[in-house]
Structures are given as C-alpha cells and as structure tokens.
Amino acid sequence: MQSAVALAVVLPAVVDASGLPATLPWVAGALAAAGALTRVMAVPAVQSLLPAWLRTTSGAADDRA
C-alpha cells in the first residue's frame, strides 16, 4: 500500500519529466488512478484509520512522547 501511495504522489511529476503526453490512454488512466487514490487518502474516515503521526488533518496531534 505504501508503494502505491508513493507512486500516486510522484506519478504526475514523472510523466511531466519524461515528456510523455498526458493524453495517451494508459498515461491518462494511470494519472486518473493516482488522483483517485490521493483523494481517497484525504477522506476523513481514512485519515482516522492512520496513526496520528501520519495524518494530514489539522487536528492530528503528534502523540509520540
């Protein structure tokens, strides 16, 4: 799962740097999947499942003492 999240974050930059047109069907599909995964990770219910140190919400306190 961590690899998929990392790939979703860097995929737009990789496509841009490689010079591939984002309108190619497989590139467009990969970018759409990366965007969808990124959006799902931002859902509050998903955020609540993550450890506090990994949450991106403003109320996420660092509970490591």
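Please refer to the structure placed before this passage.
Residue numbers here run from 1 along each chain, matching the order of that chain's written sequence. Local features in this predicted model are restricted to residues whose pLDDT is 70 or higher, and side-chain atom pairs enter the listing and the counts only when it is 80 or higher, whereas totals over whole chains, interfaces and linings include all residues. Hydrogens and water are ignored here; the side-chain numbers use all heavy atoms of the structure.

**Q** Is there a simple way to explain the overall build of the chain in this structure?
**A** Only DSSP runs of H or I reaching four residues or more are called helices, and only runs of E reaching two or more are called strands; each is numbered from the N terminus. For the chain, the count of helices and strands is 3 helices and 0 strands. Traced from its N-terminal end to its C-terminal end, the chain shows the element sequence α-α-α. Throughout, a residue-residue contact means that at least one pair of heavy atoms, one from each residue, lies within 4.5 Å. Relative to all contacts within the chain whose residues are 6 or more apart in sequence, the contacts with residues 24 or more apart total 26%. Total accessible area on the chain is roughly 4,800 Å²; 69% of this is exposed by carbon and sulfur atoms. Exposure was quantified through the Shrake-Rupley algorithm and a 1.4 Å probe, taking into account, for residues, occlusion by the shown protein chains and nothing else.

**Q** Any chance you could explain the nonpolar core here in plain terms?
**A** Where a protein is soluble and globular, its nonpolar side chains tend to be buried together. Listed in full, the 5 residues of the largest apolar core are Ala-8, Leu-11, Val-15, Val-27 and Ala-34. Those elements that place two or more of their residues in this core are α1 (2-18) and α2 (25-41). Counting residues per element, this core draws most heavily on α1, at 3 residues. Aside from chain neighbours lying at most four places away, what touches Val-27 is Val-15, Leu-20, Pro-21 and Ala-22. Nonpolar cores were defined as sets of buried Ala, Val, Leu, Ile, Met, Phe, Trp, Tyr and Cys residues, with membership established by side-chain atoms within 4.5 Å. Residue exposure (1.4 Å probe, protein chains only): buried if accessible area is under 20% of the type maximum, exposed if over 50%, otherwise partly exposed.

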